[in-house]
Amino acid sequence: MIISATTDYREAARRRLPQFLFDYIDGGAYAEHTLRHNVSDLASIALRQRVLKNVADRSLETEIFGQKLAMPVTLAPVGLTGMYARRGEVQAARAAASRGVPFTLSTVSVCPIEEVQKKSPAPIWFQLYVLKDRGFMRNALERAQAAGITTLVFTVDMPVPGARYRDAHSGMSGKNAHFRRMIQAVTHPGWSWDVGLRGRPHDLGNISAYLGKPTGLGDYIGWLGSNFDPSISWKDLEWIREFWKGPMIIKGILDVEDARDAVRFGADGIIVSNHGGRQLDGVLSSARALPAIADAVKGDIKILADSGIRSGLDVVRMLALGADCTMIGRAYTYALAAAGEAGVANLLDLFAKEMRVAMALTGVRSIAEITRDSLVH
Ligand code: FNR
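Source: prediction; values computed, not measured.

A. Spatial organisation of the site of the ligand. Around the ligand, a shell composed of 24 residues is seen, among which Pro 77, Ser 106, Thr 155, Asp 306 and Gly 308 lie nearest. His 275 has a polar side-chain atom sitting 3.3 Å from a nitrogen atom of the ligand. Separating an oxygen atom of the ligand from a backbone N or O atom of Gly 329 is a distance of 3.0 Å. In the complex, the protein chains occlude 99% of the 600 Å² of accessible area that the ligand would expose alone. If you map the ligand onto the pockets, it falls in the largest pocket. Where the shell around the ligand is concerned, the elements lending two or more residues are α2 (19-26) and β5 (125-129). For the shell around the ligand, a count of residues per class yields nine nonpolar, 10 polar and five charged.

B. Examining the packing of aromatic side chains more closely. Here the structure, examined in full by the defined rule, presents six aromatic pairs. Measuring from ring centre to ring centre gives 5.5 Å for Phe 136 and Tyr 210, while their planes differ by 75°; the resulting arrangement is edge-to-face. Placement of the pair is Phe 136 in helix α6 (residues 134-146) and Tyr 210 in helix α9 (residues 205-211), with a sequence separation of 74 residues. Judged by its relative accessible area of 1%, Phe 136 falls in the buried class. Its relative accessible area of 27% is what places Tyr 210 among the partly exposed residues. With centroids separated by 5.4 Å and ring planes inclined at 40°, the aromatic side chains of Trp 234 and Phe 265 adopt a geometry described as tilted. One end of the pair, Trp 234, is in the loop between α10 (220-227) and α11 (238-243); the other, Phe 265, is in helix α12 (residues 256-265), with 31 residues separating them in the sequence. According to the relative accessible area criterion, Phe 265 is buried, its value standing at 14%.

C. Quick peek at the environment of Leu 60. By secondary structure assignment, the location of Leu 60 is in the loop between α3 (33-43) and β1 (62-64). Placed 294 residues apart in sequence, Leu 60 and Glu 354 show a C-alpha to C-alpha distance of 11 Å. Setting aside chain neighbours within four positions, we find Leu 60 in contact with Leu 69, Ala 70, Met 71, Pro 72, Ala 352, Met 355, Arg 356, Met 359 and Ile 367.

D. Molecular detail of empty space enclosed by the protein. Using the criterion set out here, one finds two cavities of 30 Å³ or more in the structure. Estimated volume of the largest cavity: approximately 40 Å³. Considering the residues around the largest cavity, the lining is formed by Ala 93, Ala 96, Ala 97, Val 101, Pro 102, Phe 103, Ser 120, Ala 122, Pro 123 and Ile 124.

E. Region of interest: the pattern of salt bridges. Going through the model one piece at a time under the given rule, you end up with 20 salt bridges. With a shortest N-O distance of 2.8 Å, Asp 26 and Arg 10 are connected by a salt bridge. In this pair, Asp 26 is assigned in helix α2 and Arg 10 in helix α1 (residues 5-16), connecting sequence segments 16 residues apart. Among the residues examined, Asp 26 registers a relative accessible area of 6% and is labelled buried. The partner of Asp 314 in a salt bridge is Arg 317, with the nearest N and O atoms 2.9 Å apart. Placement of both Asp 314 and Arg 317 in helix α14 (residues 312-321) is noted, with a separation of three residues, approximately one turn of the helix. What makes Asp 314 buried here is its relative accessible area of 4%. When its relative accessible area of 10% is taken as the criterion, Arg 317 is described as buried.

F. Expanded view of the layout of surface pockets. Here the largest pocket defines a volume of roughly 660 Å³. The wall of the largest pocket is formed by 41 residues, among which Tyr 24, Met 158, Arg 164, His 275 and Arg 278 lie closest to the centre. Elements that contribute at least two residues to the lining of the largest pocket include exactly α2, β5, α7 (165-170), α10, β10 (325-328) and α15 (330-362). Per-element accounting of the lining of the largest pocket gives the leading share, four residues, to α10.

G. Summary view of the side chain of Thr 362. As for its placement among the helices and strands, Thr 362 is situated in helix α15. Setting aside its immediate chain neighbours within four residues, Thr 362 contacts Leu 47, Arg 48, Arg 50 and Ser 374.

H. Structural detail: the pairing of β5. Burial within β5 is extensive, with five of its five residues counted as buried. Residues of β5 alternate between two faces, with Trp 125, Gln 127 and Tyr 129 on one and Phe 126 and Leu 128 on the opposite face, all of them buried. Relative to β5, strand β4 (residues 104-105) is paired through two bridges, and the arrangement is parallel. Within β5, the position partnered with Leu 105 by the bridge is Phe 126. As for the winding sense of the linkage, the β-α-β connection from β4 through helix α5 (residues 113-119) to β5 is right-handed. Tracing the backbone out of β5, into α6 and back to the parallel element strand β6 (residues 152-155) gives a crossover that is right-handed.

I. How the structure looks around α15. Taking 1.5 Å of rise per residue, the 33 residues of α15 would be expected to cover 48 Å, yet its terminal C-alpha atoms sit only 27 Å apart, more than 12% below that figure. Remark: the principal bend of α15, roughly 140°, maps to Ala 339. Following α15 by one or two positions, Gly 363 adopts a phi angle in the positive range, close to 75°.

Conventions and cut-offs
Residues numbered from 1 in each chain as written. Predicted model: local features only at pLDDT ≥ 70, side-chain atom pairs only at ≥ 80, totals over all residues. Heavy atoms only, no water. Near = heavy atom within 4 Å. Polar contact = N/O pair within 3.5 Å; in protein donor to acceptor, adjacent residues only side chain to side chain. Areas by Shrake-Rupley, 256 points an atom, 1.4 Å probe, with all protein chains shown as cover. 1 Å grid on protein atoms, 1.4 Å probe; cavity = no way out; pocket = protein on both sides within 12 Å on 5 of 7 lines; lining within 4 Å. Sits in = over half its atoms within 2 Å of the grid points. Helix = DSSP H or I, 4+ residues; strand = E, 2+ residues; numbered from the N terminus. Nonpolar A, V, L, I, M, F, W, Y, C, P; charged D, E, K, R; others polar. Phe/Tyr/Trp six-rings, centres within 6.5 Å; stacked < 30°, edge-to-face > 60°. Buried < 20%, exposed > 50% of the residue type's maximum accessible area, 1.4 Å probe, protein only. Contact = heavy atoms within 4.5 Å. Points joined across faces, edges and corners; volume = space filled by probe spheres on them. Salt bridge = Lys/Arg side-chain N within 4 Å of Asp/Glu carboxyl O. Pairing = 2+ DSSP bridges. Right-handed = clockwise from strand over helix to strand, strands pointing away. Expected span 1.5 Å × (residues − 1). Bend = angle between axes of the 7 residues up to and from the residue.

Set out below in structure tokens:
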């Protein structure tokens, strides 16, 4: 059992959320081997203790895509965040801004792009999926650009949705009447779980904005299942590269050859990720995939890494393995579900504190000094 702020928030979220929502956040694909290995492989990486290095002045600050970050952590795109806390995307974005790190809005958010960007004191990043309906993609990109968003995260590891048996067991399936009843229950004005706007059904904000009518959540999984596009290839991304003027980051790279292709394509960054173990069970953990990718492309492209990060120590480990920056998904989502904006802000504070201690005890003063030398080989 790994003890961390994340495990505490996870437990609080488990008590607070209806089970099907907790399972949706917490679960992964198939037997969840990759999900577990993401966490255990990372936690088993040994940091190298160093002493007497004068570490009185330490800084967590870093820069990525011309943006100053208070620490090398960003909040990952997480679908349906507005279901875990009232207008949850706005709360998470505010917490991120207050701690000097970017929040990434998912395509399938409850709150639409404009609402989150307007209510966030700092610029947010926007994540886009590859969807069959290219009209939706163009509309989302135009709206993001019009709202003043400059950084695009383009997720490519979901040509098809992964098989998540935990969701099937707990009823998180858009086609089934049980799921519809649960959605009605949690959005009913009389329900004590305080999500969304009381009495107003939840909605997928960006999809409703495109279709010009409320979509509701009942068809969420069905919509996703029929709209992901397995025919996608690098060639299809060219119009996005031309259209999008700001930094474009490809999310879901786990292989050295794909990382090289991303460099050739002209991406500004990649995110080494297996979608938090939610897509193909049995693929490598991010911690195991990252070193070879960093050996191949570090310096040619910015490398972010996610999947399995549960503490500030894990952030330091990912940096030591070759990442320039990290993303966290479940860790902040549990904190949001448990305690809203304040929970996410507190989690980020605890991550920062853990990073500072880890840096002192590995004898480094800046993010740039965290290298493979910080690990025991
Ligand atoms: C995700 N993730 C995700 N990724 C993405 O690009 N778009 C999305 O809409 C979602 N939705 C989503 C929902 C939930 C509930 C989770 C937990 C995750 C993946 C996410 O961005 C990130 O890659 C992982 O969460 C990282 O792993 P950890 O930090 O959760 O272990």
